[in-house]
Amino acid sequence: MNRLTKEQRTKIIAALVEGNSLGATARMCDVVFNTVLKLLPEIGRACIEYQGKALRNLTCKRIQCDEIWTFCYAKEKNVPEDKKGQFGYGDIWTWVAIDADTKLVPSFMVGTRGSQTAKAFMDDLASRLANRVQLTTDGHRVYLNAVECAFGSDIDYAMLVKLYGNDAEAETRYSPAECIGCREIGISGHPDPKHISTSYVERQNLTMRMSMRRFTRLTNGFSKKVENHIYHVALHYMHYDFCRIHKTLRVTPAMEAGISDHVWTVEEITTLLDKSGTIAA
């Protein structure tokens with residue numbers, strides 16, 4: 001990877017953030033597969049480091065959270081006996097928070113769908129916020145304790161519980177059953193009923209599946225190693241927050257949130273490889 005020019009690195013990263021697989025990226029950029037495989041962890045770690053420092057003291061007002069499923073190595077039913085129960089083999093979940101106003105993603109986490117990951121996710125989100133927010137999640141019960149531990153009473157929190165019909169055929173088509181209604185449940189504080197919604201974060205789920213080959217269903221592009229999965233998610237959100245102009249806002253989420261004063265290029269993401277923990281938004 002050290003023999004790659006800056007232009008080659010930029011070209012590889014640009015291909016990855018546009019939804020191409022590692023193999024397709026290697027062919028498009030005329031490099032061997034292992035070159036792309038070695039670059040991804042390097043740029044992923046750099047993106048995690050940058051976002052960990054830049055996304056702090058955020059003045060968000062309304063946050064929506066959700067979790068999206070995929071699998072790593074093999075589907076849960078096909079995981080070998082000696083690897084069953086080990087994280088990184090079978091089902092994995094990516095937890096995402098989005099600011100409903102700026103569309104910034106201040107926090108994400110890859111893990112299981114259990115209480116331990118939920119708590120770590122909420123702790124991370126709380127550490128990035130500068131003020132009280134209104135939070136909306138779905139009805140996943142592990143949020144209850146996680147939100148209380150992370151925010152205490154300093155939050156306006158509500159759950160939006162969707163009620164589905166019993167349509168087994170729809171489930172087999174990778175489509176949810178028909179939604180027959182929603183219940184808004186206030187959990188703590190005084191959440192504004194007009195803003196109890198998970199629409200933006202659910203739309204973000206589609207963006208993830210369109211922008212990362214690892215999330216595309218019914219293909220062999222799924223992640224084989226969970227570490228590379230995490231690095232690719234970090235790269236995706238670096239590009240989403242800082243480079244990708246939101247069609248409604250006409251600026252990037254980072255610009256709308258006041259974190260950056262310009263639209264980043266993919267080349268600027270590439271320069272994170274050469275920085276030693278410095279921030280220059």
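The rules behind each value
- Residue numbers restart at each chain and count upward from 1, following the sequence in its written direction.
- Local features are withheld for residues below a pLDDT of 70 in this predicted model, meaning they are given only at 70 or higher, and side-chain atom pairs are given and counted only at 80 or more; totals for whole chains, interfaces and linings count all residues.
- Heavy atoms from the whole structure form the basis of all side-chain values; hydrogens and water molecules are not counted.
- For helices the rule is a DSSP run of H or I covering at least 4 residues; for strands it is a run of E covering at least 2, with both sets numbered from the N terminus onward.
- For a compact globule the rule gives 2.2 Å times the number of residues to the power 0.38, and the radius of gyration it is set against comes from C-alpha atoms.
- Burial status follows relative accessibility: with a 1.4 Å probe on protein chains alone, a residue under 20% of its type maximum counts as buried, one over 50% as exposed, and anything between as partly exposed.
- Here, two residues are considered to be in contact whenever any of their heavy atoms come within 4.5 Å of each other.
- Only the protein chains shown count as cover for residues, with accessible areas throughout obtained via the Shrake-Rupley method and a probe of 1.4 Å.
- His is not counted, nor are the chain ends; Lys and Arg add positive charge and Asp and Glu add negative charge.
- The location of each charge is read from NZ of Lys, CZ of Arg, CG of Asp or CD of Glu.
- The handedness of a crossover follows from its direction of travel: if, with the strands pointing away from the viewer, the path from the first strand over the helix to the second runs clockwise, the crossover is right-handed.
- Each reported salt bridge corresponds to a side-chain nitrogen of Lys or Arg within 4 Å of a carboxyl oxygen of Asp or Glu.
- Axes here mean lines fitted to C-alpha atoms, for a helix over just the part in contact, with angles spanning 0 to 180 degrees between N-to-C directions.
- Oblique is the label for any angle not under 35 degrees, not over 145, and not in the 65 to 115 range, which are roughly parallel, roughly antiparallel and roughly perpendicular in turn.
- Note on convention: near helix rotated counterclockwise from far helix by under a right angle means a left-handed crossing. Clockwise means right-handed.
- Classification convention: Asp, Glu, Lys, Arg as charged; Ala, Val, Leu, Ile, Met, Phe, Trp, Tyr, Cys, Pro as nonpolar; all other residues, Gly among them, as polar.
- By nonpolar core we mean a set of buried residues, namely Ala, Val, Leu, Ile, Met, Phe, Trp, Tyr and Cys, connected to one another through side-chain atoms within 4.5 Å.
- Should DSSP find at least two bridges between two strands, the strands are taken to pair.
- We define a polar contact as two N or O atoms separated by no more than 3.5 Å, with the added condition that, inside protein, one atom must be a possible hydrogen donor and the other a possible acceptor, whereas residues neighbouring each other in sequence contribute only through side-chain atom pairs.
- Stacked, tilted and edge-to-face are the three classes applied to pairs of Phe, Tyr and Trp rings, where Trp contributes its six-membered ring and a pair requires centres within 6.5 Å; stacked means planes under 30 degrees apart, edge-to-face means over 60, and tilted covers the rest.
- By definition, being over a ring means that NZ of Lys or CZ of Arg is both within 6 Å of the ring centre and within 35 degrees of the ring normal.

Draft legend 1. Local environment of the overall build of the protein chain. Per the secondary structure count, the protein chain includes 10 helices and six strands. Against the 2.2 N^0.38 benchmark of 19 Å for 281 residues, the protein chain shows a C-alpha radius of gyration of 19 Å, consistent with a compact globule. Out of the 281 residues in the protein chain, the part that is buried amounts to 49%. A fraction of 61% describes how many contacts in the protein chain between residues 6 or more apart in sequence connect residues 24 or more apart. Total accessible area computed for the protein chain in this model is approximately 14000 Å², and 49% of it derives from carbon and sulfur atoms. The average position of the 36 basic charges and that of the 33 acidic charges among the side chains of the protein chain differ by 4 Å.

Draft legend 2. Structural context of the pairing of strand β4 (residues 134-137). The two faces of β4 match: Q134 and T136 on one face and L135 and T137 on the other face are all buried. Crossover connection from β4 via helix α5 (residues 142-151) to parallel strand β5 (residues 156-164): handedness right-handed.

Draft legend 3. View of the pattern of salt bridges. The final tally for this structure, using the stated rule, is 11 salt bridges. The closest approach of N and O atoms between D274 and R9, which form a salt bridge, is 3.9 Å. Of the two residues, D274 sits in the segment after α10 (266-271) while R9 sits in helix α1 (residues 6-17), which places them 265 residues apart along the sequence. Put simply, R132 and D154 hold a salt bridge, and the shortest N to O gap is 3.3 Å. Taken together, the residues span a long stretch of sequence, with R132 in the loop between α4 (115-128) and β4 and D154 in the loop between α5 and β5 at a distance of 22 residues. Connected through salt bridges with shared partners, the residues R132, D154 and D156 form a single ionic network.

Draft legend 4. Just the packing of α1 against helix α2 (residues 22-29), in detail. With their axes 9 Å apart at the nearest point, α1 and α2 run at an angle of 140° to one another. Classified by the angle between their axes, α1 and α2 sit oblique to one another. The two elements α1 and α2 meet at a crossing, and its hand is right-handed. Along its contact with α1, which presents K11, I12, A15 and L16, the element α2 presents L22, T25, M28 and C29. Partitioned by chemical class, the residues of the contact of α1 with α2 number six nonpolar, one polar and one charged.

Draft legend 5. How the structure looks around the nonpolar core. C65, M122, L235 and I269 are the most contacted members of the largest nonpolar core, which totals 71 residues. Per element, the largest residue contribution to this core is nine residues, and it comes from helix α8 (residues 226-242). In this view, I269 contacts I43, C47, L235, M238, H239, C243 and W264; residues no more than four positions away in its chain are not counted.

Draft legend 6. Region of interest: the environment of E256. Relative to the elements of secondary structure, E256 occurs in helix α9 (residues 253-256). Once the C-alpha coordinates of E256 and L104 are considered, the two residues, 152 residues apart in sequence, prove to be 8.1 Å apart. If we skip the residues at most four places from it in the chain, E256 touches T102, L249 and V251.

Draft legend 7. Up close: the sheet that holds strand β3 (residues 107-111). The strand order β3-β2-β1-β4-β5-β6 describes an open sheet built from six strands, whose pairing is mixed. A strand with exactly one partner marks an edge of an open sheet, and here the two such strands are β3 and β6 (179-188). Going from strand to strand, the sheet's axes swing by 20° on average, the running direction of each strand aside. The pairing of strand β2 (residues 90-99) with β3 spans five bridges and is antiparallel. Across the sheet, W95 pairs through a bridge with M109, a residue of β3. Most of the contacts of helix α7 (residues 199-211) go to strand β1 (residues 62-72), to which it runs at about 35°, and overall it touches β1, β2 and β5.

Draft legend 8. Summary view of the side chain of D156. Among the secondary structure elements, D156 is positioned in strand β5. Given a relative accessible area of 14%, D156 falls into the buried group. In this structure the side chain of D156 is engaged in a polar contact, spanning 2.8 Å, whose partner is the backbone nitrogen of H190. Beyond its immediate sequence surroundings of up to four residues, D156 is in contact with R132, V133, Q134, L135, S188, G189, H190 and P191.

Draft legend 9. Spatial organisation of the packing of α1 against α8. Packing of α1 against α8 brings their axes to within 10 Å, and their N-to-C directions diverge by 90°. Of the possible angle classes, the one that applies to α1 and α8 is roughly perpendicular. Residues I13, L16 and V17 of α1 form the contact with α8, whose own contacting residues are H232, L235 and H239. Of the residues assigned to the contact of α1 with α8, the class counts are four nonpolar, two polar and no charged.

Draft legend 10. Spotlight on the packing of aromatic side chains. In total, this model carries 10 aromatic pairs according to the counting rule given. With centroids separated by 5.9 Å and ring planes inclined at 40°, the aromatic side chains of W69 and F71 adopt a geometry described as tilted. Arranged with centres 5.4 Å apart and planes meeting at 25°, the rings of F108 and Y237 form a pair that is stacked. One end of the pair, F108, is in strand β3; the other, Y237, is in helix α8, with 129 residues separating them in the sequence. Side by side, F108 and Y237 carry an identical accessibility label, which is buried. Grouped by ring-pair contacts, the aromatic residues Y50, F242 and W264 constitute a single cluster. If you follow K224 out to its NZ or CZ, it ends over the ring of F222, 4.4 Å from the centre.

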